[in-house]
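# An overview of the molecular structure
Residue-level listing of the chains:
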Amino acid sequence: MSLFKVRDCWSTVCGRGETFGCDALAVDDLFGAGEDNIILGSLDGVLRVYGVHSVPPSNLQYSPSDLLIEMQLDSPVLQVCTGKLISCSPSKNIAVLHPFSIVVYGVNCIAGSTDHGDQYVLETMYEHKFDRSAYQMVVGPFGGGSGSRDFACIMSLDGVVTVYEQQAFGFRTALPNYLHPFPIKYVRSVDAFITLNADLCLVCYKYQELADPSLKQKCPVWSCTLGETIYDIQTVEITSSATTIHVLGERNYYCFQGNGVLWFMKRLQYTPCCFHPYILGEHPDTKTMCMIVSDTDSVLVYDQTKLRWSAKLSFHPCIIARASFKALQGCLVLLSETGDLRFCYLGTEPMIFMAPERPIKDYKDTKNQLVQLKKELQNMSLQDETDTLPLLKLSTRILNLRSEGSGKLCDIEIDVSPSLATSSVQITFQVDTPLVISPTVVHLKDLNENITVRVMAYRENDDTESVVSSTECIVCAYYSRTSDVPGLVQQTVRLPMSLVYEVHSTQNLDFSWSAKISVDESPVALKVLFKEFVDSSLAELCFQTITGFSKYVCITALPANRSYEIRSSGPEYVNVIIEEILFRHREYYKTKKCVVRCDKNEMPVADFYRTIEEHVELKRRLEFVQEEISSLCSQYRIIQKCLFNKLKENTVHSVSGLNVLIDNTHETLTEKMSEIKFVKQELKVKFSQLISLSRLLITMLGLCSKNDKILEEFKETIVYFTDNQNWEDIVLKSLTYLVGNKITLNVQSDDPAHAVMSLRTLIDYVIQHITSIKDELPVKLKKETTRGVSPILESEEDFYTS
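These remarks concern the structure in this document. (Residues numbered from 1 in each chain as written. Predicted model: local features only at pLDDT ≥ 70, side-chain atom pairs only at ≥ 80, totals over all residues. Heavy atoms only, no water.)

### What to know about the overall build of the protein
Spelled out, the test is: Segments assigned H or I by DSSP are reported as helices when at least four residues long, segments assigned E as strands when at least two residues long, and all are numbered from the N terminus. For the exposure calls, accessible area comes from a 1.4 Å probe over protein chains only, and a residue counts as buried if that area is under 20% of its type's maximum, exposed if over 50%, partly exposed in between. Contacts are assigned to residue pairs that have any heavy atoms within 4.5 Å of one another. Per-residue and other accessible areas were derived by the Shrake-Rupley procedure at a 1.4 Å probe size, with only the shown protein chains allowed to occlude residues.
Secondary structure assignment for the protein yields 11 helices and 42 strands. Expressed as a percentage of the 802 residues in the protein, the buried residues total 45%. Pairs at least 24 apart in sequence give 57% of the contacts found in the protein among residues at least 6 apart. As displayed, the protein offers around 42800 Å² of accessible surface, 50% of which is attributable to carbon and sulfur atoms.

Here it is as structure tokens:
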């Protein structure tokens with residue numbers, strides 16, 4: 001980070017909500033007054049000309065009179081340039097490039113006879129329209145002119161170069177090996193154009209060869225392979241016969257001589273945004289300088305490859321240039337994409353921060369204070385906590401279930417009651433997929449009185465195979481006032497089981513998994529426990545999942561054994577039922593204590609591990625298909641490139657072979673895209689089963705737990721939702737931290753099989769501690785004793801060697 005900042009001396013904002021491209025600025029002396037003017041064109045079609053007239057010259061500040069011209073055009077402005085574009089006229093004109101035309105304007109000054117001063121107007125001199133989408137424009141004395149006249153060269157998106165000799169059309173030609181638009185510049189000393197081709201080679205084409213219609217194949221004078229895309233090309237004239245070509249790449253800054261010889265190259269340790277090369281001094285004592293703006297909003301000044309200065313910017317520019325005014329010579333001109341225009345200079349006032357001295361502390365006294373504070377917190381009464389009421393109250397109600405289309409949904413009403421006026425309230429809802437709350441977030445502003453919010457809960461229509469792991473819905477309300485600390489109120493409600501299950505007969509059903517839940521008191525009758533599903537005295541109740549396929553869960557009340565027996569088509573479909581049984585059973589016996597237990601040998605640990613392995617295998621399959629698609633896309637682009645080249649050459653060779661190859665590649669790519677869609681759906685279903693089994697494991701562990709604290713930490717570890725399906729990696733790292741150094745894992749590589757084995761070892765160890773009376777798992781925080789040492793940047797080598 002630089003100690004110095006770039007100082008602003010003149011600034012303005014060009015319009016409101018306008019967007020400016022990377023070629024939207026030009027600096028030139030339009031009137032021959034000895035100071036530069038700034039010409040701007042926005043993508044919103046506004047053309048502006050600024051001229052600084054500060055009186056006295058030392059007082060360089062923005063004045064409304066600095067805006068000489070502001071004109072709304074009919075089309076977006078892609079680029080602005082200046083030059084002598086009118087025949088028999090020595091004055092400079094403004095060339096404006098639109099997507100399908102180029103317009104040349106003359107600037108006229110009407111002397112003012114009042115206090116308002118002079119008036120500047122734009123006059124349209126001529127316009128050229130074309131049927132190809134333009135990309136960039138170059139203005140210069142093409143053909144080896146003396147500088148008394150300039151021509152315009154238009155580069156289109158498809159690589160066609162069109163030259164206009166002022167009011168007349170010159171010629172049009174297509175550059176070979178051109179697929180993607182890149183910057184183009186004119187080198188006056190060699191009368192040639194510089195650009196980048198599709199092979200990422202910097203190429204130079206003579207103007208006379210491009211203008212010769214007898215040459216069917218355009219060959220470059222010289223070329224240099226860069227191997228990277230470029231952001232910009234600039235040329236600097238040292239003398240009338242010597243020109244340097246400066247190229248800004250993604251990771252390198254190049255400088256070539258006019259004949260194509262690489263003069264020097266600088267590798268950049270940052271991502272550049274824009275640059276501006278220039279020279280200092282008179283020939284032959286000139287210095288080649290360059291200013292580069294980095295993505296960290298810093299401007300770095302290089303003398304060839306040596307970093308001479310670095311300063312911090314207060315905003316993110318997309319264009320940097322230099323201009324000279326009477327008040328300030330060689331100032332920086334910076335323009336952002338949003339129209340923030342500033343004239344700056346490199347400040348020499350360092351922004352030095354002195355760290356305050358650390359007071360000497362008595363750590364023994366601090367430790368005693370911490371022990372005393374913990375005792376006071378433990379002795380605080382609950383009455384003190386209830387005295388401070390929350391600023392917001394929530395009252396949630398589940399309304400009746402109703403059918404809509406092919407699915408079911410229910411309404412949820414939330415009464416929001418503020419005790420004081422709140423400026424902002426945000427209510428969010430969290431449910432397990434495939435259940436959905438719509439809308440997911442509700443925003444309330446300036447809440448002064450009670451209000452009722454209604455949302456809907458339903459199952460995703462396009463996800464009929466995923467498993468519902470829980471019907472709990474967490475309602476969180478975040479509120480804030482203008483002067484208070486933000487607060488949080490949270491409630492947990494249970495959605496109706498009818499969203500997930502419906503009653504089914506138990507005839508001829510096969511169940512692959514079963515478990516028993518023992519209770520101290522007699523089991524509650526099913527017609528009382530599930531009164532919304534059954535109205536008769538049945539000893540057995542069967543539920544069917546409301547999905548595209550039918551899965552069943554059967555409940556049997558056994559009064560003689562004081563237990564509930566649960567049988568199902570698989571353990572992943574059971575967690576919602578078991579949670580409802582436990583919740584309703586405890587509500588029924590809420591006036592007295594009723595112990596609920598289960599056998600730890602019936603926990604679906606083996607099914608849990610099997611689901612983890614299948615989930616990992618699906619992730620590997622998804623990565624393999626993605627790699628195949630990436631290879632096919634690269635192959636497709638190469639075939640397209642070969643096909644375009646053959647079409648451009650206008651040869652008589654047949655392209656049927658390429659047509660067959662591109663059709664086969666496209667067909668294979670389409671098949672792989674369908675396969676990846678299928679694999680992603682399978683992965684989503686498998687992940688829902690994994691979360692359901694993890695919740696079931698936590699639920700059954702809670703019925704035979706001897707260490708509730710470890711159980712709570714284990715629950716927070718494995719019941720984890722992630723969008724990128726990276727569940728195994730997160731859980732493995734969390735469990736490794738939870739266990740500490742009690743287990744040494746033998747993970748030899750990044751093979752997923754090793755990660756699955758490590759997960760099994762850690763989960764078995766934690767389950768053993770939860771179901772047996774042992775000490776808590778020791779969690780020791782390892783203090784970092786070393787830190788990484790970053791290498792010296794190449795840009796700083798000169799400071800250490802000088």
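Past the structure itself, the notes keep going.
### Brief notes about the sheet that holds strand β9 (residues 119-129)
Definition in use: Pairing between strands requires that DSSP locate at least two bridges from one strand to the other. Structural elements are reduced to axes, namely lines fitted to C-alpha atoms, with helices fitted over the stretch in contact, and the angle between N-to-C directions of any two is expressed from 0 to 180 degrees.
Reading across from one edge, β6-β7-β8-β9 is the order of the 4 strands in this open sheet, with antiparallel pairing throughout. The open sheet has two edge strands, β6 (79-83) and β9, and neither has a second partner. Direction aside, the axes of adjacent strands within the sheet are offset by 25 degrees on average. Where strand β8 (residues 101-110) lies against β9, 10 bridges are found, and the strand directions are antiparallel. In the sheet register, S101 faces β9, and the bridge partner there is K129.

### Quick notes on unusual backbone geometry
Look at the link from T433 to P434: it is a cis peptide, with omega at 10 degrees. Take P434: it is sitting in the loop between β31 (422-430) and β32 (435-438). For the bond running from S438 to P439, omega is -5 degrees, close enough to zero to count as cis. With respect to the element layout, P439 can be found in the loop between β32 and β33 (441-447). The backbone of L200 sits at a positive phi, close to 60 degrees, despite the residue not being glycine. With respect to the helices, strands and loops of the structure, L200 is situated in the loop between β15 (192-196) and β16 (201-206). Overall, L200 belongs to the partly exposed group, its relative accessible area being 22%. Notably, D297 is not glycine yet its phi reads approximately 60 degrees, a positive angle. Mapped onto the elements of the fold, D297 is located in the loop between β23 (287-294) and β24 (298-303).

### Considering the environment of S417
Residue position: S417 is located in strand β30 (residues 407-418). By relative accessible area, which is 24% here, S417 ends up partly exposed. When the C-alpha atoms of S417 and I451 are compared, they prove to be 6.8 Å apart, with 34 residues separating the residues in sequence. Excluding its chain neighbours within four sequence positions, the residues that come into contact with S417 are L391, L392, K393 and N450.

### What about the pattern of salt bridges?
Charged atoms that come close allow side chains of opposite charge to pair. The condition that has to hold: Criterion for a salt bridge: a side-chain nitrogen of Lys or Arg within 4 Å of a carboxyl oxygen of Asp or Glu.
Applying the stated criterion across every chain yields a total of 29 salt bridges. Its salt-bridge partner being K92, residue D28 comes within 2.8 Å of it at the nearest N-O pair. Remark: K92 occurs in the loop between β6 and β7 (93-98) and D28 occurs in strand β2 (residues 25-28); sequence separation between them is 64 residues. Owing to a relative accessible area of 13%, D28 belongs among the buried residues under this scheme. R695 is paired through a salt bridge with D432; the nearest N and O atoms lie 2.8 Å apart.

### Quick notes on the sheet that holds strand β14 (residues 185-187)
Reading across from one edge, β14-β15-β16-β17 is the order of the 4 strands in this open sheet, with antiparallel pairing throughout. The open sheet has two edge strands, β14 and β17 (222-225), and neither has a second partner. The mean angle between the axes of side-by-side strands here comes to 25 degrees, regardless of whether they run parallel or antiparallel.

### Focus on the nonpolar core
Test applied: Residues belong to one nonpolar core when they are buried, are Ala, Val, Leu, Ile, Met, Phe, Trp, Tyr or Cys, and are joined through side-chain atoms within 4.5 Å.
In terms of nonpolar packing, the biggest core is built from 97 residues, with I427, F530, F714 and W727 touching the most fellow members. Sort the elements by how many residues they give to this core and helix α7 (residues 656-703) lands first, with 10 residues. Once residues within four sequence positions are removed from consideration, F530 is found in contact with M497, L541, F543, I555, E580, I581 and R584.

### Focus: a nonpolar patch on the surface
Where we set the bar: Patch rule: a residue counts if its relative accessible area is over 30% and it has no salt bridge; like charges are joined within 9 Å, and nonpolar side chains (Val, Leu, Ile, Met, Phe, Trp, Tyr) within 5 Å.
On the surface, a nonpolar cluster with roughly 280 Å² of combined accessible area is contributed by L370, L373 and L377. Checked against the element boundaries, L377 lands in helix α2 (residues 363-378).

### Quick notes on the packing of aromatic side chains
The line we're drawing: Aromatic contacts are taken between Phe, Tyr and Trp rings whose centres are within 6.5 Å, Trp giving its six-membered ring; a plane angle under 30 degrees counts as stacked, one over 60 as edge-to-face, and the others as tilted.
Applying the stated criterion across every chain, the model contains 25 aromatic pairs. A centroid spacing of 6.5 Å and a plane angle of 70 degrees characterise the contact between F142 and F151, whose relative ring orientation is edge-to-face. F151 matches F142 in its accessibility class, with the two residues each being buried. Between F142 and F193, the aromatic rings sit 5.1 Å apart at their centres with planes inclined by 70 degrees, giving edge-to-face as the arrangement. Note that F142 is positioned in the loop between β10 (134-140) and β11 (151-156) and F193 in strand β15, a separation of 51 residues in sequence. For F142, a relative accessible area of 1% corresponds to the buried category.

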